[in-house]
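# A look at the structure
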Amino acid sequence: MVEKLLQNKLRLNAAVIKTFPTARRYIVYVLYIGVLLLPCFSTQANEDMVLVTDGYYTPLFKDEDGPVKIEVNSFYMDKYLVTNKQFNVFINKNPKWNKKNIKFIFSDSNYLKHFPGKSIEGIAEQPVTNVSWFAARAYCRSLNKRLPTTSEWEYVAMASHDLADGSKQPEYRQQILEWYSRPSTDTLPDVQDTPVNYWKVHGLHGVVWELVNDFNTALVTGESRGDTQLDKQLFCGAGAASSVDPNDYAAFMRYAMRSSYRAEYTIESLGFRCAKDVIENDAIEE
């Protein structure tokens, strides 16, 4: 496919290129082919990402007409949470995001407080935490990626080990409740050692909370009178009455977390992973 594209593109310009001196002609060909191939590489996911095919996600809260189904288009997601090592590489290349230089409007005082100076030996493969939404977004953008949306994250998080939708598996629901009920520990696992789900995504539950791109719109229904009550519903009995699944305690916790979060906050139990759009002409393979 790429070969045909190059042939067609170069054919259109062959007459002009042939007028150049031989040496210059070869240089132009090399540069031209490089420019043509760049989009082919930049739109593909790297080996640490997986393809999540399209489907539907039902948010925790109903609207006034009942449960809502949101279509989720195919996208790529990181297999693993971003590690301390990866984030350290990022801030070394982009010094404005290290803890000495970051502007106070983009972070609170706890930003990267767990980084013990120059060396991160011993925590390199653990998920990075104490990172603000601004910094996480900048990291993903530096790799031509983005933070996942709430719908994308929740859609992938529905998956059990062997099903894309594990919400109806009692044993899986119990496992998630046990993960969420465990007390937090000072030592996080290496990202490669975390549980993997149907999509081959690791560590979505029971490791750290995860940032999403649209955390501050996750509870907006579009009906302004109802929106003012959503935060209260998270912390009282009304939440159960207006939710699609009152037994989904883990989802209540995630929604409560997102509704109370601000973009400059940094939390020692909050990390992130990146996502990427599927370009229309990408080769999508299972």
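So, here is what we can say about the structure in this document. None of these values were measured; they are calculated from a predicted model.

### Structural notes on helix 5 (residues 150-157)
Most of helix 5 is tucked away, with 8 of its 8 residues classed as buried. Turning to helix 5, its buried residues number three or more, namely Thr150, Ser151, Glu152, Trp153, Glu154, Tyr155, Val156 and Ala157.

### Here we look at the pairing of strand 1 (residues 49-52)
Of the two faces of strand 1, the one lined by Met49 and Leu51 and the one lined by Val50 and Val52 are each fully buried. In this sheet, strand 4 (residues 75-78) lies alongside strand 1 in antiparallel orientation, the contact comprising 4 bridges. Residue pairing in the sheet places Val52 in a bridge with Phe75 of strand 4.

### Side note on the sheet that holds strand 1
Reading across the sheet, the 3 strands line up as 1-4-7 and stay open at both edges, with antiparallel pairing between neighbours. Of all strands in the sheet, those with a lone pairing partner are strand 1 and strand 7 (275-277), marking the two edges. Each strand axis lies, on average, 25° off the axis of its neighbour in the sheet, ignoring direction. Sheet strands touched by helix 5: strand 1, strand 4 and strand 7. Its angle to strand 4, the strand with the most contacts, is close to 70°.

### Some details on the state of the cysteines
Enumeration according to the criterion identifies 1 disulfide in this entry. Cys140 shares a disulfide with Cys274; S-S distance 2.1 Å. Looking along the S-S bond of the Cys140-Cys274 disulfide, the torsion reads about -85°, which is the left-handed sense. Of this pair, Cys140 sits in helix 4 (residues 133-142) while Cys274 sits in the loop between strand 6 (270-271) and strand 7, and the two are 134 residues apart along the sequence. Cys274 matches Cys140 in its accessibility class, with the two residues each being buried.

### Looking at the packing of helix 3 (residues 84-93) against helix 4
Following both chains from N to C, one finds helix 3 and helix 4 inclined at 80°, their axes separated by 11 Å at the closest point. One finds that helix 3 runs roughly perpendicular with respect to helix 4. Seen from helix 3, the contacting residues are Gln86, Phe87 and Phe90; seen from helix 4, they are Ala135, Ala138, Tyr139 and Ser142. Residues that form the contact of helix 3 with helix 4 fall into these classes: 5 nonpolar, 2 polar and no charged.

### Quick notes on the environment of Met253
With respect to the element layout, Met253 can be found in helix 9 (residues 249-260). Along the backbone, Met253 and Trp209 are 44 residues apart, and their C-alpha atoms lie at a distance of 9.9 Å. When residues no more than four places from it in sequence are discounted, the contact partners of Met253 are Tyr180 and Trp209.

### A look at the packing of aromatic side chains
In the structure shown here, the tally under the stated rule is 13 aromatic pairs. On the numbers, 5.0 Å between centres and 85° between planes, the contact of Tyr198 with Trp199 is edge-to-face. What makes Trp199 buried here is its relative accessible area of 8%. Sitting over the face of the ring of Tyr56, Lys69 holds its NZ or CZ atom 5.7 Å from the ring centroid. A cation over an aromatic ring shows up here: Arg258 above the ring of Tyr255, its NZ or CZ 5.8 Å from the ring centre.

### So, unusual backbone geometry
The backbone of Asn130 sits at a positive phi, close to 55°, despite the residue not being glycine. Following the sequence through the fold, Asn130 ends up in the loop between helix 3 and helix 4. Asn130 gets classed as buried once you look at its relative accessible area, which sits at 2%.

### Regarding the side chain of Ser160
Along the polypeptide, Ser160 turns up in the loop between helix 5 and helix 6 (170-181). Ser160 has contacts with Gly166, Gln169, Tyr172, Asn197 and Tyr198, leaving out every residue within four places of it along the chain.

### Considerations on the nonpolar core
Formed by 48 residues in total, the largest nonpolar core has its most connected members in Phe87, Trp97 and Phe272. Among the elements of the structure, strand 1, strand 4, helix 3, helix 4, helix 5 and helix 9 are those that each provide at least two residues to this core. The biggest single contributor to this core is helix 4, with 7 residues. Filtering out sequence-adjacent residues up to four positions away, Phe87 remains in contact with Val82, Tyr111, Leu112, Val128, Val131, Ala135, Tyr139 and Phe272.

### Notes on helix 4
Where burial is concerned, most of helix 4 is hidden: 7 out of the 10 residues are buried. Within helix 4, the full set of buried residues consists of Trp133, Phe134, Ala135, Ala136, Ala138, Tyr139 and Cys140. In this structure, the buried side of helix 4 is in contact with helix 3. Just downstream of helix 4, Asn144 is the residue with a positive phi angle, here 60°.

Conventions adopted
Residues numbered from 1 in each chain as written. Predicted model: local features only at pLDDT ≥ 70, side-chain atom pairs only at ≥ 80, totals over all residues. Heavy atoms only, no water. Buried < 20%, exposed > 50% of the residue type's maximum accessible area, 1.4 Å probe, protein only. Helix = DSSP H or I, 4+ residues; strand = E, 2+ residues; numbered from the N terminus. Pairing = 2+ DSSP bridges. Axes fitted to C-alpha atoms, helices over the stretch in contact; angles between N-to-C directions. Contact = heavy atoms within 4.5 Å. Disulfide = S-S within 2.5 Å. Parallel < 35°, antiparallel > 145°, perpendicular 65-115°, else oblique. Nonpolar A, V, L, I, M, F, W, Y, C, P; charged D, E, K, R; others polar. Phe/Tyr/Trp six-rings, centres within 6.5 Å; stacked < 30°, edge-to-face > 60°. Lys NZ or Arg CZ within 6 Å of the ring centre and 35° of its normal. Core = buried A, V, L, I, M, F, W, Y, C linked by side-chain atoms within 4.5 Å.

These values are about where atoms sit, not about what they do.
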